[in-house]
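A closer look at the structure
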Amino acid sequence: MDAISKKELAKIACNVRMGIIEGTFNAKSGHPGGSLSITEILTYLYFKEMNINPEKPTACNRDRFVLSKGHAAPALYSVMANRGFFPVEELKTLRKVDSRLQGHPSMNYLPGIDISSGSLGQGISAACGMALGSKLKGDAFRVYTILGDGEIEEGQVWEAAMYAAAKKLDNLVAFVDNNNLQIDGTVEEVNSPYPIPEKFAAFGWNVIEIDGHNFDEIEAALNEAKATKGKPTAIIATTTKGKGVSFMENQVNWHGSAPNAEQYEIAMNELKALLNEMEG
Ligand SMILES: Cc1ncc(C[n+]2csc(CCOP(=O)(O)OP(=O)(O)O)c2C)c(N)n1
Ligand SMILES: [Mg+2]
């Protein structure tokens, strides 16, 4: 996986976006907006950064991933399917009764999900426990988590942030998906978490700010995180909610609604055109 190019990653991200649209369209529900905003981060983690093997999803020494903003499950499922954890065709079963792909990730159903999530705020605490466990057992695996900017309005996030710094969890990386939108408005309108970098720095974290859709910046930040000793790293990623589908970009109403047949066609055609352009 090491040799994978940025161009290849961009193509994969486009396929991941198509999987998000496929899943939410077939489910007639789900969360496309916050899934599309973390597509590049997830693609980089699963295709280049993390020590994982889709054929051995429970290997002890694997790096761990926690989708703390669990409602973005369509993105996680799509990246996992594209990485070979399960068939891409299965994305169409999103949210169906008896599907392994429930509305929020469940470790009881889908191999490769390291922890169930969806109740905002809890994921980062679980990630802290995993990172501490890695250190105590000398396992040397790393732990990655993604939080939403609305999610960090949850008090539990800051208890975990305090704990991670106190325990010097330098094997923990928390991305904050700063798309500026929450469930029904901007994050400022609901309960402003700003300034985000200063808050994590005050809690004792190494803080890096990036464009969350830029693979070079994601790579540089993750390399800096690996080189940082004695502190956890927070990567504050500026992103666009709904990224990659013109009519979904920066629109709060695409937080938790699915495309209808007409919107599905438009979205898929846009993404296919982009993929063709990259392949051409
Ligand atoms: C504890 C808890 N409270 C409320 C919710 C309902 N909820 C689901 S998504 C969401 C908004 C989250 O905003 P953000 O973290 O910014 O998500 P994103 O923009 O990345 O989709 C809320 C309030 C929840 N899942 N968990
Ligand atoms: Mg948000």
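Because the structure is predicted, anything quoted here is derived from the model rather than measured.

**Focus: the sheet that holds strand β5 (residues 233–238)**
Here we have five strands laid out as an open sheet, ordered β1-β2-β3-β5-β4, and parallel in their pairing. The outermost strands of the open sheet, each flanked by one partner alone, are β1 (64–67) and β4 (206–211). The mean angle between the axes of side-by-side strands here comes to 20°, regardless of whether they run parallel or antiparallel. Pairing of strand β2 (residues 143–148) with strand β3 (residues 172–178), which is carried by six bridges, proceeds in the parallel orientation. Opposite L147, over in β3, you have V176 as the bridge partner.

**Quick word on the layout of surface pockets**
Size it by volume and the largest pocket reaches roughly 160 Å³. Residue lining of the largest pocket: 15 residues in total, with H71, L120, Q182, I183 and H255 positioned closest to the centre. In terms of residue class, the lining of the largest pocket is made up of three nonpolar, eight polar and four charged.

**A word on the site of ligand 1**
With respect to spatial proximity, 18 residues lie near ligand 1, and among them K69, H71, D149, G150 and K241 are the closest. Between ligand 1 and the protein, one listed contact pairs an oxygen atom with a backbone N or O atom of G150 at 2.8 Å. At a separation of 3.0 Å, an oxygen atom of ligand 1 approaches a polar side-chain atom of N179. Bound to the protein, ligand 1 loses 79% of the 590 Å² it would expose on its own. Among the cavities detected, the one that contains ligand 1 is the largest pocket. Split into classes, the residues belonging to the shell around ligand 1 amount to three nonpolar, nine polar and six charged.

**Observations concerning the side chain of N171**
Residue position: N171 is located in the loop between α6 (155–166) and β3. We classify N171 as buried; its relative accessible area is 6%.

**Structural notes on the coordination of the magnesium ion (ligand 2)**
Ligation of the magnesium ion (ligand 2) by protein atoms is provided by D149 (OD), N179 (OD1) and L181 (O), these donors lying 2.1 to 2.2 Å from the ion. Counting gaps between the donor residues of the magnesium ion (ligand 2) yields the pattern D-x29-N-x1-L. With D149 in the loop between β2 and α6 and N179 in the loop between β3 and α7 (187–191), this pair connects stretches of sequence that are 30 residues apart. Assessed through its relative accessible area of 1%, D149 is described here as buried. A relative accessible area of 5% places N179 in the buried class.

**Observations concerning the packing of helix α3 (residues 39–49) against helix α4 (residues 73–83)**
Any two packed helices are characterised by how steeply their axes cross, that is the angle between the axes, and by the distance between the axes. One can describe the packing of α3 onto α4 by two numbers: an axis separation of 10 Å at closest approach and a directional angle of 30°. Viewed along their axes, α3 and α4 form a crossing whose handedness is right-handed. Residue-level inspection shows L42, T43, Y46 and F47 of α3 in contact with α4, the latter providing A75, L76, V79, M80, N82 and R83. Of the residues belonging to the contact of α3 with α4, the class tally is seven nonpolar, two polar and one charged.

About the cut-offs
Residues numbered from 1 in each chain as written. Chains lettered and ligands numbered in written order. Predicted model: local features only at pLDDT ≥ 70, side-chain atom pairs only at ≥ 80, totals over all residues. Heavy atoms only, no water. Pairing = 2+ DSSP bridges. Helix = DSSP H or I, 4+ residues; strand = E, 2+ residues; numbered from the N terminus. Axes fitted to C-alpha atoms, helices over the stretch in contact; angles between N-to-C directions. 1 Å grid on protein atoms, 1.4 Å probe; cavity = no way out; pocket = protein on both sides within 12 Å on 5 of 7 lines; lining within 4 Å. Points joined across faces, edges and corners; volume = space filled by probe spheres on them. Nonpolar A, V, L, I, M, F, W, Y, C, P; charged D, E, K, R; others polar. Near = heavy atom within 4 Å. Polar contact = N/O pair within 3.5 Å; in protein donor to acceptor, adjacent residues only side chain to side chain. Areas by Shrake-Rupley, 256 points an atom, 1.4 Å probe, with all protein chains shown as cover. Sits in = over half its atoms within 2 Å of the grid points. Buried < 20%, exposed > 50% of the residue type's maximum accessible area, 1.4 Å probe, protein only. Donors = N, O, S within 2.8 Å, 3.2 Å for Na, K, Ca; no water. Left-handed = near helix turned anticlockwise from the far one by under 90°. Contact = heavy atoms within 4.5 Å.

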